[in-house]
Amino acid sequence: MNVFVATSARDEVLDKYGNICSELLEEVASLEHTNLVFGAYGYGLMGKAYDIFKKHKKKIIGVAPNAYKSDFEKVPCDEEILTTSSMTRLEKIYEKSDVLLFLPGGLGTYSELFSCLEEMKSNPGKKIIVYNVNFFFSPMLEEMYNLYCQGFLEKNLGEYILISNSKEEIIEKLKESEKNE
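The structure displayed is predicted, hence computed values, not measured ones.

Trainee: Residues and numbers for the side chain of Asp71, please.
Mentor: Relative to the elements of secondary structure, Asp71 occurs in the loop between β3 (60-65) and β4 (79-83). Not counting chain neighbours up to four residues away, the residues in contact with Asp71 comprise Ala40 and Tyr41.

In C-alpha cells form, the structure reads like this:
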C-alpha cells in the first residue's frame, strides 16, 4: 500500500509538530505492506517521513518537478519520478498513491489537499486522511463546513474522508486499507 504523506518541508515547525507527527509516521512505517510516496524534499516533517520510512527499510517513491531534481541527491529514493511542473507532480503522486495522509503543512500541503479532494469527486477510490493534530486543520475544516452549510459543497468533508486527531484511529483505517489491497 502506497501512502502519500503531505506535510511541511520547513524545519521551523519541527518543535511544535515534529515529535507527535513522528510518532504517527513510525506506526505507519511499521505496517507490513506500507511504502512512502512523498515530495522528495529532505527538510521539515517531509524529511522526517523520509528518514522514518528509510529506517524501516520501506520502498520510497519520490516525486519532484524537474526544477528540483537535485533534491534527490539528499533524499535518494527507490523510485525517483521527475515531472514537468508541480501540477503534473501532484497528478503522478495521486496516481502512485493508495492513501493520501495529510499532516500539518503550509501552502503546498493545502494545495495538495484541496486538489485531491476535488479529484476524488470525479475519480473516487482513494482514501484521504487528515491528521488534525493540535487542531491544526480546524480553521480550514470550519470553513469547509461553512461552505457545505451554504450549499457550495454537496457533502460535508467528514462524510467521505477521515478527519482525526487520533493516531490509533488513523492506524486502524490504514490497517483496513492494507487488508483490502
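Trainee: Got a sec to walk through unusual backbone geometry? Specific residues and values, please.
Mentor: Its identity as a non-glycine residue notwithstanding, Lys57 has a phi of 60°, on the positive side. Summarising the element assignment, Lys57 is placed in the loop between α2 (44-55) and β3. For Asn134, which is not a glycine, the phi torsion comes out positive at approximately 50°. Counting through the fold element by element, Asn134 comes out in the loop between β6 (127-131) and α5 (138-149). Among the residues examined, Asn134 registers a relative accessible area of 43% and is labelled partly exposed.

Trainee: Before we move on, can you summarise the nonpolar core with the specific residues and values?
Mentor: In terms of nonpolar packing, the biggest core is built from 34 residues, with Val5, Leu24, Phe38, Leu101, Leu103, Ile170 and Leu174 touching the most fellow members. Taken together, the elements giving at least two residues each to this core come down to β1 (2-6), α1 (14-30), β2 (35-38), α2, β3, β5 (99-102), β6 and α6 (167-179). The contact partners of Leu174, leaving out residues within four places of it in the chain, are Met1, Val3, Val28, Leu31, Val99 and Ile129. In terms of nonpolar packing, the next biggest core, distinct from the first, is built from 23 residues, Ala6, Val37, Met120 and Ile128 among them.

Trainee: I'd like a description of the side chain of Ser97, backed by residues and values.
Mentor: Within the fold, Ser97 resides in the loop between α3 (86-96) and β5. Owing to a relative accessible area of 0%, Ser97 belongs among the buried residues under this scheme. A distance of 2.7 Å separates a polar atom in the side chain of Ser97 from the backbone oxygen of Ile93. Apart from residues lying up to four places away in sequence, Ser97 is in contact with Asn2, Phe4, Val37 and Lys126.

Trainee: For the sheet that holds β3, give the residues involved together with the corresponding values.
Mentor: Ordered by their spatial adjacency, 7 strands build an open sheet running β4-β3-β2-β1-β5-β6-β7, and the pairing between neighbours is parallel. Two strands bound the open sheet, and with one partner strand each, they are β4 and β7 (162-164). When the angles between neighbouring strand axes are averaged without regard to direction, this sheet yields 20°. The pairing of β6 with β7 spans 3 bridges and is classified as parallel. Bridge assignment links Ile129 to a residue of β7, and that residue is Leu162. Across the sheet, α1 touches β1, β5 and β6, and the angle it forms with β6 is around 150°.

Trainee: So, the pairing of β6: which residues are in play, and what are the values?
Mentor: Of all 5 residues making up β6, 4 are buried, and the element is well covered by its neighbours. Considered for its hand, the β-α-β crossover made up of β6, α5 and β7 is right-handed.

Trainee: Tell me what's going on with the packing of aromatic side chains, and back it up with residues and numbers.
Mentor: Under the defined criterion, the tally for this structure stands at 9 aromatic pairs. Between Tyr110 and Phe137, the aromatic rings sit 5.8 Å apart at their centres with planes inclined by 40°, giving tilted as the arrangement. Highlighted residues: Tyr110 in helix α4 (residues 107-122) and Phe137 in the loop between β6 and α5, separated in sequence by 27 residues. Among the residues examined, Phe137 registers a relative accessible area of 0% and is labelled buried. For the pair Phe136 and Phe137, a centre-to-centre distance of 4.9 Å together with 85° between the ring planes defines the contact as edge-to-face. Every member of this aromatic cluster is reached through a ring pair, and the members are Tyr17, Tyr110, Phe114, Phe136 and Phe137. The ring centre of Tyr43 lies 5.2 Å from the NZ or CZ of Lys74, which sits over that ring. Above the plane of the ring of Tyr94 lies Lys126, whose end atom (NZ or CZ) is 5.3 Å from the centre.

So, how was this worked out
Residues numbered from 1 in each chain as written. Predicted model: local features only at pLDDT ≥ 70, side-chain atom pairs only at ≥ 80, totals over all residues. Heavy atoms only, no water. Helix = DSSP H or I, 4+ residues; strand = E, 2+ residues; numbered from the N terminus. Contact = heavy atoms within 4.5 Å. Buried < 20%, exposed > 50% of the residue type's maximum accessible area, 1.4 Å probe, protein only. Core = buried A, V, L, I, M, F, W, Y, C linked by side-chain atoms within 4.5 Å. Polar contact = N/O pair within 3.5 Å; in protein donor to acceptor, adjacent residues only side chain to side chain. Pairing = 2+ DSSP bridges. Axes fitted to C-alpha atoms, helices over the stretch in contact; angles between N-to-C directions. Right-handed = clockwise from strand over helix to strand, strands pointing away. Phe/Tyr/Trp six-rings, centres within 6.5 Å; stacked < 30°, edge-to-face > 60°. Lys NZ or Arg CZ within 6 Å of the ring centre and 35° of its normal.

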